[in-house]
Amino acid sequence: MLSAIALNCTLKADASTPSSTDAMIAVLADAFARHDVALSETIRVAAHDIRPGVTSDEGDGDAWPALRTKILAADILIFGGPIWMGQVSSVAKRVMERMDAFLSETDDRGRMPSSGKVAVAAIVGNEDGAHFSAAQLFQALNDVGWTIPAVAACYWVGEAMGSTDFQDLDETPDKVRATAAMVAGNAAHLARTLKANPYPGSA
């Protein structure tokens, strides 16, 4: 069985506070379960003291090293977060900045720690920006070694300047469920392929 881990990059640090990002991650987790991919954990990133920086350890009290270990132990990363001001949250950007360290942590064939790992996105918001947020995430994640499958983003955006959140919906829209199924199927297939046939790296 493949394993997945989810990062919830909401601005809400209290894990007991409901989050629409958690609700979208749950939709994807259900879809992944149908492909024998188990979600090991959803990490509320803002609840941890992840220091600013671009190394894998920014010193005493930095929570990133432990999170980094968990993230890299999984086959699939579900990178979840809300849209703020038309783009990914500051919490998501902090995670991407810390992954910049992967560029200098290559093995003897030039492969980064994330080599052979698959990443998908779970995005929610009440304004335009889902495509732009996915573009930000996927470009950054690909730069630091993650593999992005076809149809890799599951998202929902409400009415512009509206007050309804994804978690407030009475039921998950059919289009969201259908997209989640495609995201999960493609990601699981790609993760299994890469596990069986790792990237060769440089000669």
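Just so it is clear, the model here is predicted, and its values are computed rather than measured.

What counts and how
- Residues numbered from 1 in each chain as written.
- Predicted model: local features only at pLDDT ≥ 70, side-chain atom pairs only at ≥ 80, totals over all residues.
- Heavy atoms only, no water.
- Helix = DSSP H or I, 4+ residues; strand = E, 2+ residues; numbered from the N terminus.
- Rg over C-alpha atoms; globule rule 2.2 N^0.38 Å.
- Buried < 20%, exposed > 50% of the residue type's maximum accessible area, 1.4 Å probe, protein only.
- Areas by Shrake-Rupley, 256 points an atom, 1.4 Å probe, with all protein chains shown as cover.
- Contact = heavy atoms within 4.5 Å.
- Disulfide = S-S within 2.5 Å.
- Axes fitted to C-alpha atoms, helices over the stretch in contact; angles between N-to-C directions.
- Parallel < 35°, antiparallel > 145°, perpendicular 65-115°, else oblique.
- Left-handed = near helix turned anticlockwise from the far one by under 90°.
- Nonpolar A, V, L, I, M, F, W, Y, C, P; charged D, E, K, R; others polar.
- Pairing = 2+ DSSP bridges.
- Right-handed = clockwise from strand over helix to strand, strands pointing away.
- Arc of directions from axis to C-beta.

1. Concerning the overall build of the protein
- Along the backbone of the protein there are five helices and six strands.
- Seen in sequence order, the protein has helices and strands lined up from the N terminus as β-α-β-α-β-β-α-β-α-β-α.
- Here the C-alpha radius of gyration of the protein, 16 Å, is about what a compact globule of 203 residues would show, namely 17 Å.
- Projected onto the principal axes, the alpha-carbon positions of the protein cover approximately 50 × 40 × 25 Å.
- Burial statistics for the protein: of 203 residues in total, 46% are counted as buried.
- Total accessible area on the protein is roughly 9700 Å²; 53% of this is exposed by carbon and sulfur atoms.

2. Here's the deal with the side chain of Gln136
- By the element assignment, Gln136 lies in helix α4 (residues 130-143).
- Contacts of Gln136, omitting those with residues within four sequence positions, involve Gln87, Val88, Lys93 and Met96.

3. Quick notes on the state of the cysteines
- By the definition in use, this model includes zero disulfides.
- Cys9 takes part in no disulfide bond, and the closest cysteine sulfur to it belongs to Cys154, at a distance of 16 Å.
- The exposure class of Cys9 is buried, given its relative accessible area of 0%.
- By relative accessible area, which is 0% here, Cys154 ends up buried.

4. Some remarks on the packing of helix α3 (residues 90-99) against α4
- The N-to-C vectors of α3 and α4 enclose an angle of 15°; their axes lie 10 Å apart at closest approach. In terms of their interaxial angle, α3 and α4 are classed as roughly parallel. Here the hand of the crossing between α3 and α4 comes out left-handed. Counting all contacts with α3, which are made through Lys93, Met96 and Met99, the residues of α4 involved are Gln136, Leu137, Ala140 and Leu141.
- Here the residues of the contact of α3 with α4 are counted per class, giving five nonpolar, one polar and one charged.

5. Some details on the pairing of strand β1 (residues 2-8)
- The buried count for β1 comes to six of seven residues, which makes it a mostly enclosed element.
- Direction of pairing for β1 relative to strand β2 (residues 37-44): parallel, over a ladder of seven bridges. Of the residues in β2, the one forming a bridge with Ala4 is Leu39.
- Between the parallel elements β1 and β2, the chain passes through helix α1 (residues 20-33) in a crossover that is right-handed.
- Bridge count between β1 and strand β3 (residues 76-84): five bridges; the pairing is parallel. Its bridge partner lying in β3, Ala4 is registered against Ile76.

6. Quick look at α3
- Those residues of α3 not exposed but buried are Val91, Ala92, Val95, Met96, Arg98 and Met99. An end-on view of α3 places all buried positions within 160° of arc, on one side of the element.
- Residues of α3 that are buried in the fold lie against β1, α2 (64-73), β3, β4 (87-88) and α4.

7. Regarding unusual backbone geometry
- Phi angles above zero are rare outside glycine, and Met85 is one such case at about 55°.
- With respect to the secondary-structure elements, Met85 resides in the loop between β3 and β4.
- Even without being a glycine, Val151 presents a positive backbone phi close to 50°.
- Inspection of the secondary structure assignment puts Val151 in the loop between α4 and β6 (153-157).
- With relative accessibility at 45%, the residue Val151 sits in the partly exposed group.

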